[in-house]
Amino acid sequence: MPRSTGIPAHIAIIMDGNGRWAQKRGLSRSEGHCAGTRTAKDIVTRCRELGVRHLTLYTFSRENWSRPKDEIGLIFDLLVQYLRGELQNLVEQDIHLAVLGEMADLPFAARQALSLVMQKTADCRTMTLNLALNYSGREEILRAARALAAKNLPPEAITETAFADELYTKGQPDPDLIIRTSGELRLSNYLLFQAAYAEFYFTDTLWPDFDAAELERALADYAGRQRRFGRTGEQLPA
Ligand code: FPP
């Protein structure tokens, strides 16, 4: 039976479980997010080493604005620290930074740090690191619909390609593999249009514990999947 081969071109991750990781250790949620940030840093590097071309991290959803103000502040502080600390590494690793989501609503320091890293990594080509920030899959779809409506196109011109070109992921392949940690089995408004044919991998491991070995387990599982894209097993190439 044909198997999906090799490394996914695009991995998207829902990094879940920072709070529970901290709670289990009698630590504050902040410490959970700090540990989660260290994991994110390691996973970015590991994906780059493995030859993943696009990595998307669900860093802050539009729904996350309903969290306590100090937790939101801490998450953006960690983001800024991560960006400042990793700028040189990202350039050296030839990783291009992109944002999926509405940047205008982010705290000023975050916008400033993101803009700088995006500018400095604009010509990097080995991997694209997408940070989904203030992101909502439904809002992204509505935004694309509005952009197409504003162009007054004839209905037949509104193709899947035309639509995909109005998404934040314009020009990037759809995710092949979506990973969610912490045992939750939901998509949570993540990449709703792009996830059409993604393979899913769920693990009970909490995000701060998701290390290189866990990533390799997810990739081994993915490599054993048969991706049919709607065809029968017999129709697939051998
Ligand atoms: C989920 O844990 C994580 C988040 C809401 C996002 C925060 C992510 C990080 C701090 C990683 C940072 C990454 C970068 C690239 C800077 P949770 O709080 O929902 O956990 P819980 O469900 O156990 O409470």
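Residues numbered from 1 in each chain as written. Predicted model: local features only at pLDDT ≥ 70, side-chain atom pairs only at ≥ 80, totals over all residues. Heavy atoms only, no water.

**A look at helix α3 (residues 69-92)**
Here α3 spans 35 Å end to end across 24 residues, near enough to the 34 Å set by a 1.5 Å rise per residue. Along its length, α3 reaches its greatest deviation from straightness, about 55°, at E86. Restricting attention to buried positions, one finds in α3 the residues E71, I72, I75, F76, L78, L79, V80, Y82, L83, E86, L87 and L90. On the buried face of α3, the contacting elements are α2 (29-50), β2 (54-61), β3 (95-100), α4 (108-120) and β4 (127-135). (Helix = DSSP H or I, 4+ residues; strand = E, 2+ residues; numbered from the N terminus. Expected span 1.5 Å × (residues − 1). Bend = angle between axes of the 7 residues up to and from the residue. Buried < 20%, exposed > 50% of the residue type's maximum accessible area, 1.4 Å probe, protein only. Contact = heavy atoms within 4.5 Å.)

**Brief notes about the pairing of strand β1 (residues 10-14)**
In terms of burial, β1 is a largely internal element, five of the five residues being buried. Residue alternation in β1 divides its side chains into two sets, H10, A12 and I14 and I11 and I13, and both sets are buried. Of the strand pairs in this sheet, β1 and β2 are connected by five bridges, and their pairing is parallel. Opposite H10, over in β2, you have H54 as the bridge partner. (Pairing = 2+ DSSP bridges.)

**Quick look at the site of the ligand**
The immediate surroundings of the ligand are formed by 16 residues, with M15, G19, R20, R29 and R67 found nearest. R20 has a polar backbone atom sitting 2.7 Å from an oxygen atom of the ligand. The separation between an oxygen atom of the ligand and a polar side-chain atom of R67 is 2.8 Å. Here the ligand, which alone exposes 630 Å², has 92% of that area covered by the protein. The pocket occupied by the ligand, as judged from atoms lying within 2 Å of grid points, is the largest pocket. Broken down by secondary-structure element, the contributors of at least two residues to the shell around the ligand are α1 (18-24), α2 and α3. Grouping the constituent residues of the shell around the ligand by class yields four nonpolar, eight polar and four charged. (Near = heavy atom within 4 Å. Polar contact = N/O pair within 3.5 Å; in protein donor to acceptor, adjacent residues only side chain to side chain. Areas by Shrake-Rupley, 256 points an atom, 1.4 Å probe, with all protein chains shown as cover. 1 Å grid on protein atoms, 1.4 Å probe; cavity = no way out; pocket = protein on both sides within 12 Å on 5 of 7 lines; lining within 4 Å. Sits in = over half its atoms within 2 Å of the grid points. Nonpolar A, V, L, I, M, F, W, Y, C, P; charged D, E, K, R; others polar.)

**Topic: the packing of aromatic side chains**
Enumeration according to the criterion identifies ten aromatic pairs in this entry. When the ring of Y135 is compared with that of Y190, the centres are 6.4 Å apart and the planes differ by 90°; the resulting orientation is edge-to-face. Pair noted here: Y135 is in strand β4 and Y190 is in the loop between β5 (177-180) and β6 (199-202), with a separation of 55 residues, a long-range link. Owing to a relative accessible area of 0%, Y190 belongs among the buried residues under this scheme. Through successive ring pairs, a cluster of aromatic residues spans Y58, Y135, Y168 and Y190. (Phe/Tyr/Trp six-rings, centres within 6.5 Å; stacked < 30°, edge-to-face > 60°.)

**Considering the side chain of N189**
When you line up the elements, N189 lands in the loop between β5 and β6. On the accessibility criterion, N189 (16% relative accessible area) is buried. A polar contact is formed between the side chain of N189 and the backbone nitrogen of R138, at a distance of 2.9 Å. Other than its neighbours up to four places away in sequence, N189 contacts Y58, E63, Y135, S136, G137 and R138.

**Here's the deal with the pattern of salt bridges**
This model, assessed by the stated rule, comprises 18 salt bridges. A salt bridge links E166 to K151, with the nearest nitrogen and oxygen atoms 2.5 Å apart. Taken together, the positions of E166 in the loop between α6 (160-164) and β5 and K151 in the loop between α5 (137-150) and α6 put the pair 15 residues apart, joining distant regions of the chain. The exposure class assigned to K151 is partly exposed, which follows from its relative accessible area of 49%. With a shortest N-O distance of 3.2 Å, E214 and R217 are connected by a salt bridge. One end of the pair is E214 and the other is R217, both in helix α7 (residues 212-223) and three residues apart, which spans about a single turn. What emerges from the salt-bridge pattern is a single network uniting D16, R20, R180, E184 and R186. (Salt bridge = Lys/Arg side-chain N within 4 Å of Asp/Glu carboxyl O.)

**Some points on the packing of α3 against α4**
Packed helix pairs are specified by the crossing angle of their axes together with the interaxial distance, meaning the distance between the axes. Contact geometry of α3 with α4 gives a least axis separation of 9 Å together with a crossing angle of 15°. Classified by the interaxial angle, the pair formed by α3 and α4 is roughly parallel. As for how α3 packs across α4, the hand of that crossing is left-handed. Where α3 abuts α4, its residues F76, L79, V80, L83, L87, L90 and V91 lie against A109, A110, A113, L114, L116, V117 and K120. The residue inventory of the contact of α3 with α4, partitioned by class, reads 13 nonpolar, no polar and one charged. (Axes fitted to C-alpha atoms, helices over the stretch in contact; angles between N-to-C directions. Parallel < 35°, antiparallel > 145°, perpendicular 65-115°, else oblique. Left-handed = near helix turned anticlockwise from the far one by under 90°.)

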